[in-house]
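# Structural description and commentary
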Amino acid sequence: MRKLVYYVASTLDGFIAGPDGSYDFLRLDPDVAAHLTANWPQTLPTFAHPQFGIEEPEGRFDAVLMGRASYEPGLRMGVTSPYAHLKQYVFSRTLPPAAEPEVEIVSTDPVEFVRELKRRPGRDIWLCGGGQLAGQLLPDVDELVVKLNPCVIGSGVPLVARGFDPRRFDLVDTRPFDSGVVILHYARPAGAE
(Lines give C-alpha, C1' and ligand atoms only; values in the text may rest on other atoms or scores of the structure.)
Protein backbone atom coordinates (compact mmCIF):
# COMPACT_ATOMS: atom_id res chain seq x y z
CA MET A 1 0.00 0.00 0.00
CA ARG A 2 1.15 3.52 -0.74
CA LYS A 3 2.39 5.61 2.17
CA LEU A 4 1.15 9.07 3.10
CA VAL A 5 4.14 11.28 3.96
CA TYR A 6 3.59 14.64 5.64
CA TYR A 7 6.68 16.56 4.54
CA VAL A 8 6.61 20.17 5.76
CA ALA A 9 8.67 23.06 7.09
CA SER A 10 8.00 24.20 10.66
CA THR A 11 9.18 26.69 13.25
CA LEU A 12 10.56 25.57 16.60
CA ASP A 13 7.19 26.37 18.17
CA GLY A 14 5.28 24.19 15.71
CA PHE A 15 3.89 26.58 13.08
CA ILE A 16 4.01 26.05 9.32
CA ALA A 17 2.84 29.57 8.43
CA GLY A 18 2.08 32.87 10.09
CA PRO A 19 -1.44 33.95 11.11
CA ASP A 20 -1.92 35.43 7.61
CA GLY A 21 -0.64 32.28 5.87
CA SER A 22 2.77 33.77 5.08
CA TYR A 23 5.84 31.56 5.31
CA ASP A 24 8.66 33.80 4.03
CA PHE A 25 10.36 33.56 7.44
CA LEU A 26 11.01 29.85 6.66
CA ARG A 27 14.09 30.50 4.57
CA LEU A 28 15.59 28.05 2.12
CA ASP A 29 19.29 28.32 2.90
CA PRO A 30 21.83 27.03 0.36
CA ASP A 31 22.80 23.96 2.42
CA VAL A 32 19.18 22.85 2.78
CA ALA A 33 18.41 23.69 -0.87
CA ALA A 34 21.26 21.43 -2.00
CA HIS A 35 19.92 18.61 0.18
CA LEU A 36 16.36 19.02 -1.13
CA THR A 37 17.56 19.11 -4.73
CA ALA A 38 19.50 15.87 -4.24
CA ASN A 39 17.05 14.00 -2.00
CA TRP A 40 13.56 15.52 -2.22
CA PRO A 41 13.40 17.26 -5.65
CA GLN A 42 9.71 16.48 -6.09
CA THR A 43 8.89 18.74 -3.13
CA LEU A 44 10.15 21.79 -4.99
CA PRO A 45 7.61 23.62 -7.19
CA THR A 46 7.90 22.86 -10.88
CA PHE A 47 8.51 26.51 -11.80
CA ALA A 48 11.60 26.51 -9.53
CA HIS A 49 13.23 23.43 -11.09
CA PRO A 50 15.43 25.37 -13.57
CA GLN A 51 16.75 27.52 -10.71
CA PHE A 52 17.86 24.34 -8.87
CA GLY A 53 19.12 22.51 -11.98
CA ILE A 54 16.36 19.89 -11.84
CA GLU A 55 15.38 18.45 -15.22
CA GLU A 56 13.26 15.42 -14.37
CA PRO A 57 12.51 15.20 -10.64
CA GLU A 58 12.98 11.61 -9.55
CA GLY A 59 11.69 10.43 -6.22
CA ARG A 60 9.20 8.47 -4.23
CA PHE A 61 6.05 10.51 -4.91
CA ASP A 62 3.59 10.60 -7.79
CA ALA A 63 0.90 12.64 -6.02
CA VAL A 64 0.65 15.64 -3.71
CA LEU A 65 -2.18 16.69 -1.40
CA MET A 66 -2.81 20.25 -0.29
CA GLY A 67 -5.49 22.31 1.32
CA ARG A 68 -6.88 25.42 -0.27
CA ALA A 69 -4.67 27.73 1.80
CA SER A 70 -1.58 25.88 0.57
CA TYR A 71 -2.73 26.09 -3.05
CA GLU A 72 -3.81 29.76 -3.10
CA PRO A 73 -0.38 31.47 -2.83
CA GLY A 74 0.51 29.98 -6.21
CA LEU A 75 -2.83 31.04 -7.67
CA ARG A 76 -2.15 34.62 -6.57
CA MET A 77 1.10 34.45 -8.57
CA GLY A 78 -0.70 32.99 -11.59
CA VAL A 79 0.59 29.45 -10.96
CA THR A 80 -2.37 27.10 -11.42
CA SER A 81 -0.30 23.89 -11.29
CA PRO A 82 2.51 24.37 -8.74
CA TYR A 83 3.66 20.73 -8.86
CA ALA A 84 2.97 19.89 -12.51
CA HIS A 85 5.36 16.93 -12.24
CA LEU A 86 2.89 15.26 -9.79
CA LYS A 87 -0.84 14.54 -9.73
CA GLN A 88 -2.19 17.30 -7.47
CA TYR A 89 -5.22 16.99 -5.22
CA VAL A 90 -6.50 20.23 -3.70
CA PHE A 91 -9.09 19.88 -0.94
CA SER A 92 -11.68 22.63 -1.06
CA ARG A 93 -15.45 22.85 -0.94
CA THR A 94 -15.50 26.26 -2.63
CA LEU A 95 -12.90 26.24 -5.44
CA PRO A 96 -14.24 25.60 -8.94
CA PRO A 97 -12.84 22.66 -10.94
CA ALA A 98 -9.26 23.23 -12.06
CA ALA A 99 -8.41 23.90 -15.70
CA GLU A 100 -5.16 21.94 -15.42
CA PRO A 101 -5.50 18.18 -16.04
CA GLU A 102 -2.97 17.31 -13.32
CA VAL A 103 -4.93 19.29 -10.67
CA GLU A 104 -8.07 17.81 -9.15
CA ILE A 105 -10.22 19.81 -6.75
CA VAL A 106 -11.62 17.41 -4.13
CA SER A 107 -14.72 18.50 -2.24
CA THR A 108 -15.46 15.18 -0.55
CA ASP A 109 -14.27 13.91 2.83
CA PRO A 110 -10.44 14.01 2.81
CA VAL A 111 -10.06 10.95 5.05
CA GLU A 112 -12.13 8.62 2.89
CA PHE A 113 -10.60 10.02 -0.30
CA VAL A 114 -7.02 9.49 0.94
CA ARG A 115 -7.72 6.00 2.25
CA GLU A 116 -9.03 5.04 -1.18
CA LEU A 117 -6.09 6.80 -2.89
CA LYS A 118 -3.62 4.83 -0.76
CA ARG A 119 -5.18 1.60 -2.02
CA ARG A 120 -4.70 2.57 -5.68
CA PRO A 121 -1.50 1.48 -7.44
CA GLY A 122 1.24 4.08 -7.50
CA ARG A 123 4.08 5.60 -5.58
CA ASP A 124 3.84 7.30 -2.21
CA ILE A 125 1.70 10.38 -1.59
CA TRP A 126 3.09 13.69 -0.31
CA LEU A 127 0.95 15.76 2.04
CA CYS A 128 2.43 19.25 1.74
CA GLY A 129 -0.07 21.13 3.90
CA GLY A 130 -1.78 22.75 5.49
CA GLY A 131 -2.43 22.33 9.15
CA GLN A 132 -6.20 21.80 8.87
CA LEU A 133 -5.83 19.07 6.26
CA ALA A 134 -2.95 17.48 8.21
CA GLY A 135 -5.14 17.46 11.31
CA GLN A 136 -7.86 15.55 9.51
CA LEU A 137 -5.42 13.10 7.94
CA LEU A 138 -3.11 12.57 10.93
CA PRO A 139 -4.37 9.02 11.70
CA ASP A 140 -3.44 8.05 8.13
CA VAL A 141 0.02 9.68 8.06
CA ASP A 142 2.66 6.95 7.73
CA GLU A 143 5.72 9.22 7.86
CA LEU A 144 6.28 12.72 9.20
CA VAL A 145 9.26 14.66 7.82
CA VAL A 146 9.73 18.07 9.43
CA LYS A 147 12.24 20.68 8.25
CA LEU A 148 12.61 22.30 11.67
CA ASN A 149 13.66 25.93 11.22
CA PRO A 150 15.58 27.84 13.91
CA CYS A 151 12.92 30.47 14.54
CA VAL A 152 9.98 31.07 16.87
CA ILE A 153 6.96 33.06 15.67
CA GLY A 154 4.48 32.80 18.56
CA SER A 155 1.31 32.13 16.56
CA GLY A 156 0.12 31.04 13.15
CA VAL A 157 -0.96 27.92 11.30
CA PRO A 158 -0.08 24.90 13.45
CA LEU A 159 1.75 21.87 12.06
CA VAL A 160 -1.43 19.90 12.82
CA ALA A 161 -4.76 21.57 13.64
CA ARG A 162 -6.59 18.94 15.64
CA GLY A 163 -8.17 18.46 19.03
CA PHE A 164 -6.19 16.73 21.75
CA ASP A 165 -5.34 13.30 20.36
CA PRO A 166 -1.77 12.17 21.18
CA ARG A 167 -0.03 10.24 18.38
CA ARG A 168 3.47 8.83 18.67
CA PHE A 169 5.96 8.48 15.85
CA ASP A 170 9.31 6.68 15.87
CA LEU A 171 12.40 8.72 14.97
CA VAL A 172 13.96 7.27 11.80
CA ASP A 173 16.61 9.86 10.93
CA THR A 174 17.89 13.33 11.77
CA ARG A 175 19.86 15.62 9.51
CA PRO A 176 21.27 18.86 10.97
CA PHE A 177 22.53 21.66 8.71
CA ASP A 178 24.97 24.49 9.34
CA SER A 179 22.15 26.98 8.74
CA GLY A 180 20.44 25.68 11.90
CA VAL A 181 17.73 23.69 10.13
CA VAL A 182 17.26 20.10 11.27
CA ILE A 183 15.30 17.62 9.17
CA LEU A 184 13.52 15.16 11.45
CA HIS A 185 12.16 12.00 9.84
CA TYR A 186 9.59 9.97 11.77
CA ALA A 187 7.54 6.87 10.99
CA ARG A 188 4.31 5.67 12.50
CA PRO A 189 5.10 2.75 14.83
CA ALA A 190 4.37 -0.69 13.41
CA GLY A 191 0.86 -1.77 14.30
CA ALA A 192 -0.23 1.76 15.33
CA GLU A 193 -3.54 3.05 14.08
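Above this text is the structure in question.
Rules used in this analysis
- Residues numbered from 1 in each chain as written.
- Predicted model: local features only at pLDDT ≥ 70, side-chain atom pairs only at ≥ 80, totals over all residues.
- Heavy atoms only, no water.
- Helix = DSSP H or I, 4+ residues; strand = E, 2+ residues; numbered from the N terminus.
- Polar contact = N/O pair within 3.5 Å; in protein donor to acceptor, adjacent residues only side chain to side chain.
- Contact = heavy atoms within 4.5 Å.
- Buried < 20%, exposed > 50% of the residue type's maximum accessible area, 1.4 Å probe, protein only.
- Arc of directions from axis to C-beta.
- Pairing = 2+ DSSP bridges.
- Axes fitted to C-alpha atoms, helices over the stretch in contact; angles between N-to-C directions.
- Phe/Tyr/Trp six-rings, centres within 6.5 Å; stacked < 30°, edge-to-face > 60°.
- Core = buried A, V, L, I, M, F, W, Y, C linked by side-chain atoms within 4.5 Å.

### Focus: the side chain of Ser-92
Position of Ser-92 among the secondary structure elements: in the loop between β4 (87-91) and β5 (103-106). Among the polar contacts made by the side chain of Ser-92, one reaches the main-chain amide nitrogen of Thr-94 at a distance of 3.1 Å. Ignoring sequence-local partners within four residues, the contact set of Ser-92 consists of Arg-68, Ile-105, Val-106 and Ser-107.

### Describing the environment of Ser-179
Topologically, Ser-179 is positioned in the loop between β9 (170-176) and β10 (182-187). For Ser-179, a relative accessible area of 22% puts it in the partly exposed group. Separated by 13 residues in sequence, Ser-179 and Ala-192 have C-alpha atoms that sit 34 Å apart. Sequence-distant contacts of Ser-179, defined by excluding residues within four places in its chain, comprise Asp-29, Asp-31, Val-32 and Pro-150.

### Considerations on helix α1 (residues 30-39)
Along α1, the positions that sit buried rather than exposed are Val-32, Ala-33, His-35 and Leu-36. Mapping the buried residues of α1 onto a view down its axis gives an arc of 160°, with all of them on the same face. Opposite the buried face of α1, at more than 90 degrees from it, the exposed residues are Pro-30 and Ala-38.

### Regarding the sheet that holds strand β3 (residues 61-67)
Read from one edge of the open sheet, eight strands run β5-β4-β3-β6-β1-β7-β10-β9, paired in mixed fashion. Looking at which strands have only one partner, the edges of the open sheet turn out to be β5 and β9. Taken over all neighbouring pairs, the strand axes of this sheet differ in orientation by 20° on average, direction set aside. Sheet topology places strand β1 (residues 4-10) next to strand β6 (residues 124-129); three bridges connect them, and they run parallel.

### Notes on the packing of aromatic side chains
Under the counting rule described, the total for this entry stands at seven aromatic pairs. Ring centres of Tyr-7 and Trp-126 lie 6.4 Å apart, and the angle between their planes is 75°; on these two criteria the pair is classed as edge-to-face. Of this pair, Tyr-7 sits in strand β1 while Trp-126 sits in strand β6, placing them 119 residues apart in sequence. Each member of the pair, Tyr-7 as well as Trp-126, is classed as buried. An aromatic cluster of at least three residues, connected via ring pairs, comprises Tyr-7, Trp-40, Phe-61, Tyr-83 and Trp-126.

### Here we look at the nonpolar core
Ranked by size, the top nonpolar core spans 24 residues in total, and within it Leu-4, Tyr-6, Leu-65, Tyr-89, Phe-91, Leu-127 and Leu-137 carry the most contacts. Contributions of two or more residues to this core are made by β1, β3, β4, α4 (110-119), β6, α5 (131-137) and β7 (143-148). Considering each element in turn, this core owes the most residues, four residues, to α4. Every residue in contact with Leu-137, bar those within four places of it in the chain, is listed here: Leu-4, Leu-65, Pro-110, Val-111, Val-114 and Leu-127.

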